[in-house]
Amino acid sequence: MRSRIPMGRLGTTEDLVGPAIYLASAASDYMTGQTVFVDGGFKAG
């Protein structure tokens, strides 16, 4: 599985902190109907 992830490693709970803070902040107020993938590029690769 790890070899199929472009980042070369499995995700950790710490990898979710940045996106969670962004989505909880005013910076994402104008964002609608999006899917945010926090998967190390797995979906794109």
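Small disclaimer: the values here were computed from a predicted structure and weren't measured.

Asker: Just checking my understanding: could you explain the overall build of the protein chain for this structure?
Answerer: Along its length, the protein chain carries one helix and zero strands. When its C-alpha atoms are laid out on the principal axes, the protein chain stretches across 35 × 20 × 10 Å. Taking all 45 residues of the protein chain together, 4% fall into the buried category. The averaged location of the 4 negative side-chain charges in the protein chain is 14 Å from the averaged location of its 4 positive side-chain charges.

Asker: Would you mind going over the side chain of serine 28 with me for this structure?
Answerer: Secondary-structure assignment places serine 28 in the segment after helix 1 (17–24). By relative accessible area, which is 9% here, serine 28 ends up buried. Among the polar contacts listed, one links the side chain of serine 28 to the backbone oxygen of serine 25, at a separation of 3.2 Å. Leaving out residues up to four positions away in the same chain, serine 28 has contacts with Tyr22 and Leu23.

Asker: Even after reading the chapter, I still don't get the environment of phenylalanine 42, so can you show me in this structure?
Answerer: Mapped onto the fold, phenylalanine 42 is located in the segment after helix 1. Not counting residues up to four positions away in its chain, the partners in contact with phenylalanine 42 are Met1, Arg4, Ile5 and Pro6.

Asker: Sorry, what's going on with the pattern of salt bridges here?
Answerer: Close approach of charged atoms allows side chains of opposite charge to pair. Evaluation of the coordinates by the stated rule reveals one salt bridge. Across the pair aspartate 15 and arginine 9 runs a salt bridge, and its minimum N-O distance is 3.0 Å. What makes aspartate 15 partly exposed here is its relative accessible area of 26%.

Asker: Looking at this model, I keep getting lost on the layout of surface pockets. Mind explaining?
Answerer: If you roll a probe as big as a water molecule over the atoms, it shows you where there is empty space left. Each pocket or cavity is described by its volume, and for the largest pocket that value is around 180 Å³. Around the largest pocket sit Ile5, Met7, Arg9, Leu10, Gly11, Thr12, Asp15, Leu16, Val38, Asp39 and Gly40, which together line it. Across the lining of the largest pocket, the residue classes tally to five nonpolar, three polar and three charged.

Basis of the calculations
Residues numbered from 1 in each chain as written. Predicted model: local features only at pLDDT ≥ 70, side-chain atom pairs only at ≥ 80, totals over all residues. Heavy atoms only, no water. Helix = DSSP H or I, 4+ residues; strand = E, 2+ residues; numbered from the N terminus. Buried < 20%, exposed > 50% of the residue type's maximum accessible area, 1.4 Å probe, protein only. Lys, Arg positive; Asp, Glu negative; His and termini not counted. Charge placed at Lys NZ, Arg CZ, Asp CG, Glu CD. Polar contact = N/O pair within 3.5 Å; in protein donor to acceptor, adjacent residues only side chain to side chain. Contact = heavy atoms within 4.5 Å. Salt bridge = Lys/Arg side-chain N within 4 Å of Asp/Glu carboxyl O. 1 Å grid on protein atoms, 1.4 Å probe; cavity = no way out; pocket = protein on both sides within 12 Å on 5 of 7 lines; lining within 4 Å. Points joined across faces, edges and corners; volume = space filled by probe spheres on them. Nonpolar A, V, L, I, M, F, W, Y, C, P; charged D, E, K, R; others polar.

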